[in-house]
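Here is how the chains run, residue by residue.
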Amino acid sequence: MNRISMVYVGMVGTGFVARLRAEALAADGRGRLVAVAGHHPEDTQAFAQTHKAVVEPDWPTLIARPDLDLVMVCHINSDHGAVVRAALEAGRHVVVEYPLALDWQEAQDLVDLARCQQRLLHVEHIELLGGSHQALKANLSVIGTPHYTRYVTLSPQRPAPQRWTYQPDRFGFPLVGALSRVHRLVDAFGPVAQVSGQNQAYGWQDGPDGLPCYRTNVCAAQITFQSGVQGELLYGKGEAIWQATRRLEVMGSEGKLVIDGDVGQVITAEGTTPMEIGSRRGLFATDTRAVLDHLYQGTPLYLTPEASLYSLRVANAIAESAQTGQTVAMAESPPGMWP
């Protein structure tokens, strides 16, 4: 860092995550939000006024500012790759919400570019910091050798919102846009041997910008890990989802783990015992502090960009399977891709 006393930040996006990032920077005190660029002028102006930042007309203008050390990318998934590339080429450090890009090969190029530029590229995966994932990993050894896992996240929304998260061109394939679902399983069970996937979207309508939006989407995947663990993923959202569900199960040789919402259980031959689940609150602040610790002190972050890249590669393979109807074998990971 050239300015060890302060990290000067530009923000691309003004939504929920951007607000949490801006609040975390202000609370920490080592980072200062300088400028912001957003999609909707009125929202961007209000965001900038709240956080005492300058409004830039677009993200290329923001990135071109000479006073920025770090760019935080908190907007539409389909634009992540282009914004990250421009920021790295301009010599900025980058924090981006997953996915790094919609295509894993583009993401690989960005990881290589960050290494060449000697800039930080951090892909946020706060699910790894959450209480349920920490509890999962802490209790895996209790159930012996894992054999099977099932992870279900379903979100009813009626009426379905006409926004970019319901637009495939902007959100991406469901398990790419919601990459954390894949990444949790990969982080827990390791590299993948093969995948298959199915995806259905229902009730199409025109969005306010002319791009089509679905009213309901349901995506399923079957994952075989190299360890032999069999995994199932089910992700859905929209009007035809009738009950909110957030449930993760793992079956092993000596027992079973169940995390249903914020309640966990360990089931063994000795009986059922509660599993302590930590809070999900404050995770973006924790992630932001970790980034600042890394920039100031060189403290290692909780994951590498290669780890997110590998999960993106798995999600792209699931998308390929959903399109072709064929099981897709995962090629051996190139050096440096697997953490």
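Note that the structure is a prediction, hence the values are computed from the model and not measured. (Residues numbered from 1 in each chain as written. Predicted model: local features only at pLDDT ≥ 70, side-chain atom pairs only at ≥ 80, totals over all residues. Heavy atoms only, no water.)

**Considerations on the pairing of strand E1 (residues 7-12)**
The buried fraction of E1 amounts to five of the six residues, a majority that puts the element mostly inside the structure. Pairing of E1 with strand E2 (residues 31-37) involves six bridges; the strand directions are parallel. Residue pairing for E2: Val7 is matched across the bridge by Gly31. After leaving E1, the chain enters helix H1 (residues 16-28) and then returns to the sheet as E2, a path that is right-handed. As judged from the four bridges shared by E1 and strand E4 (residues 70-73), these two strands associate in the parallel manner. For Val12, the partnering residue across the bridge sits in E4 and is Val73. (Buried < 20%, exposed > 50% of the residue type's maximum accessible area, 1.4 Å probe, protein only. Helix = DSSP H or I, 4+ residues; strand = E, 2+ residues; numbered from the N terminus. Pairing = 2+ DSSP bridges. Right-handed = clockwise from strand over helix to strand, strands pointing away.)

**Notes on unusual backbone geometry**
Of all residues except glycine, most have a negative phi; of all peptide bonds, most are trans. Residue Pro99 is reached from Tyr98 by a cis peptide bond, and omega for that bond is 0°. Residue Pro159 is reached from Arg158 by a cis peptide bond, and omega for that bond is -5°. A positive phi is found at Lys52, a non-glycine position, where the angle reads about 55°. Residue position: Lys52 is located in the loop between helix H2 (41-51) and strand E3 (54-55).

**Here's the deal with the pairing of strand E15 (residues 263-268)**
As paired elements, strand E14 (residues 255-260) and E15 share six bridges and run antiparallel to each other. The residue of E15 that forms the bridge with Leu257 is Val266. Taking the residues between adjacent antiparallel strands as the criterion, E14 and E15 are bridged by two residues, where Gly261 takes a positive phi near 65°. Sheet analysis places E15 next to strand E16 (residues 271-275), joined by five bridges and oriented antiparallel. Considered in E16, the bridge of Ile267 is made with Thr272. Joining the antiparallel neighbours E15 and E16 is a turn of two residues.

**Description of the pattern of salt bridges**
All chains considered together, the criterion is met by 18 salt bridges. Asp293 is paired through a salt bridge with Arg30; the nearest N and O atoms lie 2.9 Å apart. With a gap of 263 residues between them, Asp293 in helix H10 (residues 283-297) and Arg30 in the loop between H1 and E2 connect regions that are remote in the sequence. What makes Arg30 buried here is its relative accessible area of 18%. In this structure, Arg246 and Asp262 form a salt bridge, with 3.3 Å as the shortest nitrogen-oxygen distance. Note that Arg246 is positioned in strand E13 (residues 245-252) and Asp262 in the loop between E14 and E15, a separation of 16 residues in sequence. Judged by its relative accessible area of 28%, Arg246 is partly exposed. Given the relative accessible area of 45%, Asp262 is considered partly exposed. (Salt bridge = Lys/Arg side-chain N within 4 Å of Asp/Glu carboxyl O.)

**A short note on the environment of Glu124**
Within the secondary structure layout, Glu124 lies in strand E6 (residues 121-124). A relative accessible area of 3% places Glu124 in the buried class. Taking the C-alpha atoms as reference points, Glu124 and Thr286, separated by 162 residues in sequence, lie 11 Å from one another. In this view, Glu124 contacts Arg21, Val96, Glu97, Tyr98, Phe284, Asp287 and Tyr302; residues no more than four positions away in its chain are not counted. Of note is the side chain of Glu124, whose polar atom sits 2.8 Å from the backbone nitrogen of Ile126. (Contact = heavy atoms within 4.5 Å. Polar contact = N/O pair within 3.5 Å; in protein donor to acceptor, adjacent residues only side chain to side chain.)

**Things to note about the packing of H1 against H10**
Axis separation between H1 and H10 bottoms out at 9 Å; the angle between their running directions is 55°. Of the possible angle classes, the one that applies to H1 and H10 is oblique. Crossing geometry of H1 relative to H10 is assigned as right-handed. Contacts between H1 and H10 involve Val17, Leu20, Arg21, Ala24, Leu25 and Asp28 from the former and Phe284, Ala285, Asp287, Thr288, Arg289 and Leu292 from the latter. Its residues assigned to classes, the contact of H1 with H10 shows seven nonpolar, one polar and four charged. (Axes fitted to C-alpha atoms, helices over the stretch in contact; angles between N-to-C directions. Parallel < 35°, antiparallel > 145°, perpendicular 65-115°, else oblique. Left-handed = near helix turned anticlockwise from the far one by under 90°. Nonpolar A, V, L, I, M, F, W, Y, C, P; charged D, E, K, R; others polar.)

**Structural notes on H10**
Between the first and last C-alpha of H10 there are 20 Å, a value that for 15 residues agrees with the 21 Å anticipated at 1.5 Å per step. Taken as a whole, H10 has its buried residues at Leu283, Phe284, Asp287, Thr288, Ala290, Val291, Leu292, Leu295 and Tyr296. Lining the buried residues of H10 we find E1, H1, E2, E4, strand E5 (93-97) and E6. Gly298 sits one or two residues past H10 and shows a positive phi near 75°. (Expected span 1.5 Å × (residues − 1).)

**Let's talk about the packing of aromatic side chains**
Counted by the stated rule, this structure contains four aromatic pairs. Between Tyr166 and Tyr214, the aromatic rings sit 5.4 Å apart at their centres with planes inclined by 45°, giving tilted as the arrangement. One end of the pair, Tyr166, is in the loop between strand E7 (146-156) and helix H7 (168-171); the other, Tyr214, is in the loop between strand E10 (212-213) and strand E11 (216-225), with 48 residues separating them in the sequence. Judged by its relative accessible area of 1%, Tyr166 is buried. A relative accessible area of 3% places Tyr214 in the buried class. Cluster of aromatic residues (ring-pair linked, three or more members): Tyr166, Trp204 and Tyr214. Stacked on the ring of Tyr296, the Lys or Arg Arg30 has its end atom at 5.4 Å from the ring centre. Between Arg313 and the ring centre of Trp104, over which it is positioned, the NZ or CZ distance is 4.5 Å. (Phe/Tyr/Trp six-rings, centres within 6.5 Å; stacked < 30°, edge-to-face > 60°. Lys NZ or Arg CZ within 6 Å of the ring centre and 35° of its normal.)

By themselves, these are just geometric observations and shouldn't be taken as functional.
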